[in-house]
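# Commentary on secondary and tertiary structure
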Amino acid sequence: MRTIIEPFKIKMVEPIKLTSRAEREAILQKAAFNVFQIPAEEVMIDLLTDSGTAAMSAEQWAGMIRGDESYAGARSWFRFEAVLRDLTGMSHILPTHQGRASERILFELIGGPGKVIPSNNHFDTTRANIEHSGAKAVDLVIAEGTEPKSRHPFKGNLDVAKLERLIGEVGADKVPVCMITVTNNSGGGQPVSLANLRAVRAVCQRHRIPFFLDACRFAENAYLIKQREPGQADRSAKQIAREMFDLADGATISAKKDGLVNIGGVLLMRDDALAAKANNLLILTEGFITYGGLAGRDLEAMAQGFTEVLDEHYLEYRIRSVAYLGEHLLQAAIQIVEPPGGHAIYLDAAAFCPHIPPAQFPGQALVCALYRQAGIRAVEIGSVMFGGAAAPPMELVRLAIPRRVYTQSHIDYVIEAAIEVYQKRSSLRGLRIVEEPPALRHFTAKFAEV
Ligand SMILES: Cc1ncc(COP(=O)(O)O)c(C=O)c1O
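Reference entry: report on the structure contained in this document. (Residues numbered from 1 in each chain as written. Predicted model: local features only at pLDDT ≥ 70, side-chain atom pairs only at ≥ 80, totals over all residues. Heavy atoms only, no water.)

### Comments concerning helix α2 (residues 58-66)
Applicable threshold: Each residue gets one of three labels from its accessible area relative to the maximum for its type: buried under 20%, exposed over 50%, partly exposed in between, using a 1.4 Å probe on protein chains only. Here a helix means four or more residues in a row that DSSP labels H or I, a strand means two or more in a row labelled E, and each is numbered from the N terminus. Think of the arc as the fan of directions from the helix axis to the C-beta atoms. The contact criterion used throughout is that any non-hydrogen atoms of two residues lie within 4.5 Å.
Those residues of α2 not exposed but buried are Gln60, Gly63 and Met64. End-on, the buried residues of α2 take up no more than an arc of 105 degrees, which puts them together on one face. Exposed side of α2, more than 90 degrees from the buried face: Ala58 and Ile65 are the residues found there. Turning to α2, the residues buried within the fold contact α11 (296-308).

### Points about the sheet that holds strand β2 (residues 92-96)
Note the cut-off: For two strands to be treated as a pair, DSSP must find at least two bridges joining them. Under this scheme, a helix contributes an axis fitted over its contacting stretch, all axes are lines through C-alpha atoms, and angles between N-to-C directions fall in the 0 to 180 degree range.
If you walk across this open sheet you meet the 5 strands as β2-β8-β7-β6-β5, and the pairing is mixed. Sheet topology places β2 and β5 (178-181) at the edges, where each strand pairs with a single neighbour. Averaged over all adjacent pairs, the angle separating strand axes in this sheet is 15 degrees, with direction ignored. Looking at chain direction, β5 and strand β6 (residues 211-214) are connected through 4 bridges and run parallel. Within the sheet, the bridge partner assigned to cysteine 178 lies in β6 and is phenylalanine 211.

### Here's the deal with the site of the ligand
We count it as follows: We call a residue near a molecule or strand when any one of its heavy atoms sits within 4 Å of it. A 3.5 Å cut-off defines polar contacts: any pair of N or O atoms within that distance qualifies, except that in protein one atom must be a possible hydrogen donor and the other a possible acceptor, and neighbouring residues in sequence count only when both atoms are side-chain atoms. All amino acids are sorted into three groups, where Ala, Val, Leu, Ile, Met, Phe, Trp, Tyr, Cys and Pro are nonpolar, Asp, Glu, Lys and Arg are charged, and the leftover types, Gly among them, are polar.
Arg100, Asn185, Asp214, Ser254 and Lys257 are the nearest of the 14 residues found near the ligand. For the ligand, an oxygen atom lies 2.7 Å from a polar atom in the side chain of arginine 100. Interatomic distance of 2.8 Å between a side-chain N/O atom of asparagine 185 and an oxygen atom of the ligand. The element that contributes the greatest number of residues to the shell around the ligand is helix α4 (residues 99-110), accounting for 3 residues. Class assignment of the residues belonging to the shell around the ligand gives a composition of 2 nonpolar, 6 polar and 6 charged.

### Some thoughts on the sheet that holds strand β9 (residues 344-348)
As summarised here, the arrangement of the 3 strands in space is β9-β12-β11, forming an open sheet in which the pairing is antiparallel. The open sheet has two edge strands, β9 and β11 (379-381), and neither has a second partner. Averaged over neighbouring strand pairs, the angle between their axes works out to 35 degrees when direction is ignored. As paired elements, β11 and strand β12 (residues 396-400) share 3 bridges and run antiparallel to each other. Across the sheet, residue valine 379 finds its bridge partner in β12, namely arginine 398. Sitting on the sheet, helix α12 (residues 312-331) touches β9 and β12, and the angle it makes with β9 is about 20 degrees.

### Side note on unusual backbone geometry
The amide bond that connects valine 182 to the next residue, threonine 183, takes the cis arrangement and shows omega of -20 degrees. By secondary structure assignment, the location of threonine 183 is in the loop between β5 and α7 (194-206). Here the bond from glutamate 338 into proline 339 is cis, since omega is -20 degrees, no more than 30 degrees from zero. Among the secondary structure elements, proline 339 is positioned in the loop between α12 and β9. In this structure, alanine 333 takes a positive phi of about 70 degrees despite not being glycine. Relative to the helices and strands, alanine 333 is located in the loop between α12 and β9.

### Focus on the packing of α7 against helix α9 (residues 237-246)
The following threshold applies: By definition in this entry, angles of less than 35 degrees are roughly parallel, angles greater than 145 are roughly antiparallel, angles of 65 to 115 are roughly perpendicular, and the rest are oblique. Crossing handedness is defined as follows: a turn of the near helix away from the far one that is anticlockwise and smaller than a right angle gives a left-handed crossing, while the clockwise case is right-handed.
Packing of α7 against α9 brings their axes to within 10 Å, and their N-to-C directions diverge by 15 degrees. Classified by the angle their axes make, α7 and α9 are roughly parallel. For the pair α7 and α9, the crossing hand works out as left-handed. For the pair α7 and α9, the contacting residues are Leu194, Leu197 and Arg198 in the first and Ile240, Glu243 and Met244 in the second. In terms of residue class, the contact of α7 with α9 is made up of 4 nonpolar, no polar and 2 charged.

### A look at the nonpolar core
So the rule is basically this: We define the nonpolar core as a collection of buried residues of types Ala, Val, Leu, Ile, Met, Phe, Trp, Tyr and Cys that are connected through side-chain atoms lying within 4.5 Å of one another.
Within the largest apolar cluster, 63 residues are counted, with the highest numbers of intra-cluster contacts made by Leu213, Phe218, Met244, Phe245 and Phe306. In terms of residues, this core owes the most to one element, helix α8 (residues 218-228), which gives 6 residues. With residues up to four places along the chain from it excluded, the contact list for methionine 244 reads Val182, Leu194, Leu197, Leu213, Phe218, Asn221, Ala222 and Ile225. Ile345, Leu347, Ala349 and Ile381 belong to the second largest nonpolar core, which has 58 residues in total.

This is how it looks when you write it as C-alpha cells:
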C-alpha cells in the first residue's frame, strides 16, 4: 500500500471551536497581533508548537494511574531511570520539569562570564540561559543550513572548520561545552548526521571540551539518519539513537517533544563530579533527585513515551505527514525550508512577502495572515524572536505539528489556507513593535500594523 495511515485510532476527542473571519479579526486586534496572547479556544488548528502538545497513548494514561507518588525512590522513578539508561547509556539521569530547567542547571554550573558556548543553533531558551549565566552563545551551523532552497540532507550539521577556528581564537579553556541541537529547531527542524556528530566529538575530544546534545527530538533525528545517511538504512532508529547518545558526554532533553508527554525534562551526564553539583541544584529548585519537580505519574508517562517514540511505524507516519505538508506547499510555489525536516514545516517569510522589510517583521505579518484566514496559529522565527543588533539569517514562520493530534484532513485545511494567503500576499502589511520586554520578546511583545 502506498497510503501511510496514522498508526493509531482515536479514543477520545476534543471539539474545535469554529470561528468566523470577523471574530478572528477582533481577536487578533485584542491580542495586539501577537498570537501567543490569543486564547487557545479561539484557535482552530494550533501549530504554535510541537512542545507539550502530543496526544498520549492508552498505555501512557494507564501509567498515569499506576504512578507511584512516594517522595523518594518511587517505583515510577526506577522505571523512568531504567528506560532512560537503556536509551542513552548515560550514568547520571536527572528528571526536571522541562528542558529549560535542565539548561538552567547545566549553565549555572559551567557557564559564566568569559565563557563561549558553540552549537549548530542554540534554541531560544538555551541561548537565554547561557546569556543569563554571563556566557556567550555562538551558532556555527553549516552554510547550507541558512539557505532555504538547499536540499542538503543534513542542514542541521555544525561547521567543524568554524568550530576549530572558534576554539583557536578564544582558547579551549573558555569553551566549557560544545552543544548540538538534534534536530535543529531554530535552523528549520533539520537533522544532524552521525558523521557530523562523530566529527564534532573528535574535535571536542582533542581539545578536552565536553560535548552535549540538546536531544529534544532525538528520535526524529535518528529516523532521518536512517532514511538519509548512507549505510544506516538497515539499523533500527533505536540503535541509531543510542549511537548519537554514545558520542556525547551529556544531554539536555525537553520530554515535551519526543518524550510524547505534556510536561517533563531530563538532564543527562557522565561526569560524576558535575552530576553531584547538578543534583544539589536540582534539589534546590526542582525537587528531590528521584522526582525532579514532577509527579510520579509524569515519570511513568515519560518512561512509556520515550519507549513508544522509537516505534518505526510511528516514526514513519510522523516524518511522512510533515513531508506531505511541505511537498504540497512547494507544489503551490510556496518556498519552505527544504527538504522538510522532522517536526515542522518552516515557511520562508522573506520569499513569501518580499515587499515587507525585516524591520517590519515579514514572519509576524504572515503569522497574522494565517490566523485571519483560517484560525491557524503558527509562530515567527525571525526578526521578532532573534532580532537585536543584527537581523537573523532567515525570516521563517514555523508550522509545528503536534504529535498524534491532527489528521490528514486538518493538514489539507492548512495547505488550502496557506495557498489562499499566498494568492493575496501583496496585501499583507508589516508590523511595528509598540511594547516589548527585555528578553524573549516574542512571547509578550505588542504590535501595530504599519
Ligand atoms: C531545541 C529545543 N531546546 C530546548 C527547548 C526548551 O524546552 P522546554 O520548552 O521544555 O523548556 C526547546 C523547546 O521548544 C527546543 O525546541
